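# Per-entry structural report
For reference, the chains in residue letters:
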Amino acid sequence: MLKIQNISKTFNPGTITEKTALQEVSLLLREGDFVTVIGGNGAGKSTLLNAVAGAFPVDRGSIEIDGTDVTRLPEHKRARFLGRVFQDPMTGTAGTMNIEENMALAMRRGKPRGLKWGITPAERERYRECLKSLELGLEDRLSSKVGLLSGGQRQALTLLMATLQAPKLLLLDEHTAALDPKTAAKVLEMTRRIVEEQHLTAMMVTHNMRDAISTGNRLIMMNDGRIVVDVSGEEKQKLTRKDLMDLFEKAAGKELDGDRLLLS
Amino acid sequence: MELMKLINALPGAAAQGLIWGLMAIGVYITFRILDVADLTVDGSIAAGGAVAAVMITGGYPAWAALLAAFAVGLAAGALTGLFHTCMGIPAILSGILTQLGLYSINLRIMGGKANTAISANKYQLMLSLRNVRTLAAENPIFVMLLFTAAVIGALYWFFGTERGCSLRATGANPQMARAQGINTHHNILLGLMLSNGLVALSGALLAQYQGFADVNMGRGAIVIGLAAVIIGEVMFGKIFRNFALKLTAVSVGAIVYYLVIQAVLWMGLDANDLKLLTALVVAVFLGVPFWKNRMLARTRRSGGGGRNA
C-alpha cells in the first residue's frame, strides 16, 4: 500500500541550521498494516510522515502509494490517497467554519470542486449518524463553529473527517499528544476502532511507548533519520518496554534518549 | 438653514456609500475570507473607472463598460495573485506592485490624460449624481440597491458552492485545506480576481455617478474599504451570522462611513483633512480587538494572582 524507497531529506542545506532529517529511509506497508512510529526528539518521525504527505519534496528516493508514484505530486494532489490527523488540534479543521461544512470539505477530498451546492441534505444526515458514533453529542451541533469545540472534540472530528472517505493510508502525527490523558485515551481508542472497522492502512507517530506497543500490528523506531528497529506480528505482540529499549540500544549503539518518550 | 445643507447632502452620501460598499464587499472577500490584505484595490478601482469612461465616450453602452471594467479587475487581481503564488512575493507587496503598475496602465487607458469626463448630458449612463434627489427609477440610490442585492445574492450562492467552500477553507486554515486536497494557490488567485473584479465594477459605477474617471480616484480606497468592513462588523457583528447579512453589513458600513463624513464636513472639518481622519479612525478600530485581548489577559492574570495569594 505504501512503498518508500531510500528517501533522504536535509533541511536548510549549506547553512548553519543544516539538519539531515531522513537518511535513506525505506519502508514497505502492506494493505491493512497499522504501524506505530516511535523515537526520540529529532529522530525524523514526523518528517517521515510529512514526506509521505507531501508537505515538502524529498531530496532523493521515491514514494509510492497504492501503486501510484507520488514523489513529485504536490500536497493537495496526494490528499486523495491520505487521511491526516495532526498534533495540534487546531490544524486539522477550519475553526471559523461549522461542523457540517468541515465534514463536507473532507467528504470531497480528492474530488473536483465545482459549482454544485457545497453540502446536500442527504449527506447532512450521514454526518449526523457518523458524529453520533463519537458519542460526544456533536450530532446536535452540526451548525456550530468548530472553533467553539474543545481540543479533544476537534481531534475526534478531524479523525472522523480523515476517514469519512476511506483513505488508502491514514497518517496520524502524534494526534493525542496535545490532549489530556483521559481524552487522549479516548481518541486513541476511537482510532483503533475506526482503523479496524474500515480495515485501514495506517501510520501513527507517538512518543508514548505504551501506546506504540499496544496499538497496531507493527512498530518501527527511528533514530537520527533512520529506521533502527522494525518489529511486527507475533514478536510485536509479546514486546515489552524493556525489550524495546534493549533493541534500540543494540541498533543505535547508544542508550535510548527518553527525554520526550513516555516510559510509563 | 445650516441643517438643511446637511439633510440635502445625505442622499448623495447614501449613494456614494452604496457604490463604495460594493468595493468594500470586494475588500471583505480578501481581507476577511482569504485573510489577505490586498492593496491592489487602489489601482483596480481607478482601472474600472478609466475603462468604463473610455468605453462610454467611445460609444459603447454602459452595461458593456461595466463588463469590461469587471474583466480588467479580474486581470488586475490575477496579476497580484500570480506575483504572490508563483513568485512567492508577500501578498501586501504583490498588491502594491500591481497598484503601482496600474497607475501607468490607467493613464494609458485614458489616452495619457489624468481624467476623462463622461457627462450625463452627452451619454446614456446607468446612474448619475444629478438624479440623487429625484424620486424615480433613475435615482442612483435605487440603482445601487439593485446592484448591491444582485452582487450579495451572487456571492451568497458562490460561497455556498463546493468551490466557494474550498475558498473559505483556504482562508480559514490553508494547511487543513491542502490536506483536504484543495489547491490553495488556485483559490487565492481566484479570490483575488473576484475581489478586484468587484472593486473595478464599483469603480465603473463611481465614474458614471460622479461624471468622470480620474487616475487618482482610488487613492486610499483600501482604507475606505476596511473602514466599511469594520464599521459593519462593529454595528452588526453580534447579530448578523448569515453570510448574506454579513455582506449587507459591509455595505451598510460604507453608507455609515459616508454619512459620518458628510456630518463632520458639515461641522466644519477641512475636506483636505478627511484622509487623515479616515486613517486614524481605521487604525483605532483595527487596534480595538488587540487592546481588548490585552486588557482581558491582564484582568485574568490579576484575577488569578488574587486567588493564589
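Structure: see above.
Once a new chain begins, its residue numbering starts again from 1 and follows that chain's sequence as written. Numbering of ligands from 1 and lettering of chains from A proceed in the order in which they are written. Given that the model is predicted, a residue must reach a pLDDT of at least 70 before its local features are reported, and side-chain atom pairs must reach 80 or more before they are shown or counted; all residues, however, enter totals for whole chains, interfaces and linings. Hydrogens and water molecules were not included; the side-chain quantities draw on all heavy atoms of the structure.

## Brief notes about the pattern of salt bridges
Residues and elements named next belong to chain A. We count a salt bridge whenever a side-chain nitrogen from Lys or Arg sits within 4 Å of a carboxyl oxygen from Asp or Glu. With the rule as written, the count across this model stands at 17 salt bridges over all chains. A salt bridge links Arg218 to Asp33; the shortest N-O distance between them is 3.7 Å. Of the two residues, Arg218 is situated in strand β9 (residues 218-223) and Asp33 in the loop between β2 (19-29) and β3 (34-39); the sequence distance between them amounts to 185 residues. An identical accessibility class is assigned to Arg218 and Asp33; each is buried. Notably, a salt bridge pairs Lys132 with Glu129, separated by 3.7 Å at the nearest N-O pair. Placement of both Lys132 and Glu129 in helix α4 (residues 121-134) is noted, with a separation of three residues, approximately one turn of the helix. Summary of the burial criterion: residues with accessible area below 20% of their type's maximum are buried, those above 50% are exposed, and those between are partly exposed, where the area comes from a 1.4 Å probe applied to protein chains only. Residue Lys132 is classed as partly exposed on the basis of its relative accessible area of 43%. The exposure class assigned to Glu129 is partly exposed, which follows from its relative accessible area of 46%. A cluster of three or more residues bridged by salt bridges with shared partners is formed by Asp33, Arg218 and Asp230. For helices the rule is a DSSP run of H or I covering at least 4 residues; for strands it is a run of E covering at least 2, with both sets numbered from the N terminus onward.

## Considerations on the sheet that holds strand β1 (residues 2-11) of chain A
Residues and elements named next belong to chain A. If you trace the four strands from one edge of the open sheet to the other, you get β2-β1-β4-β5, paired in antiparallel fashion. Edge positions in the sheet fall to β2 and β5 (68-69), since each has one partner strand and no second. In this analysis, two residues are considered to be in contact whenever any of their non-hydrogen atoms come within 4.5 Å of each other. A fitted line through C-alpha atoms represents every axis, and for helices the fit uses only the stretch in contact; the resulting angles, taken between N-to-C directions, go from 0 to 180 degrees. Along the sheet, helix α1 (residues 45-53) contacts β1, β2 and β4 (60-65); its crossing angle with β1, the most-contacted strand, is approximately 115°. By the convention used here, strands pair only if DSSP detects at least 2 bridges between them.

## Some details on the layout of surface pockets
Approximately 1,500 Å³ is the volume found for the largest pocket. Think of a 1 Å grid over just the protein atoms. A cavity is a set of points where a 1.4 Å probe fits yet cannot get out, a pocket is an open set with protein on both sides within 12 Å along at least five of seven lines, and lining residues have an atom within 4 Å of a point. Lining the largest pocket are 42 residues; nearest its centre among them are Thr96 and Lys145 of chain A together with Tyr28, Arg241 and Lys246 of chain B. Taken together, the elements giving at least two residues each to the lining of the largest pocket come down to α3 (99-107) of chain A together with α1 (2-34), α6 (162-172), α9 (221-236), α10 (243-266) and α11 (274-308) of chain B. Per-element accounting of the lining of the largest pocket gives the leading share, six residues, to α9 of chain B. By the convention adopted, Pro, Cys, Tyr, Trp, Phe, Met, Ile, Leu, Val and Ala count as nonpolar, Lys, Arg, Asp and Glu as charged, and the other residues, Gly among them, as polar. Looking at the lining of the largest pocket residue by residue, the classes come out as 22 nonpolar, eight polar and twelve charged. In this structure, the second largest pocket occupies an estimated 490 Å³ of space. Listed by contribution, the elements that provide at least two residues to the lining of the second largest pocket are α1, α8 (184-210), α9, α10 and α11 of chain B. A per-class count over the lining of the second largest pocket returns 13 nonpolar, seven polar and two charged. Grid points are joined across faces, edges and corners, and a volume is the space filled by probe spheres set on the points.

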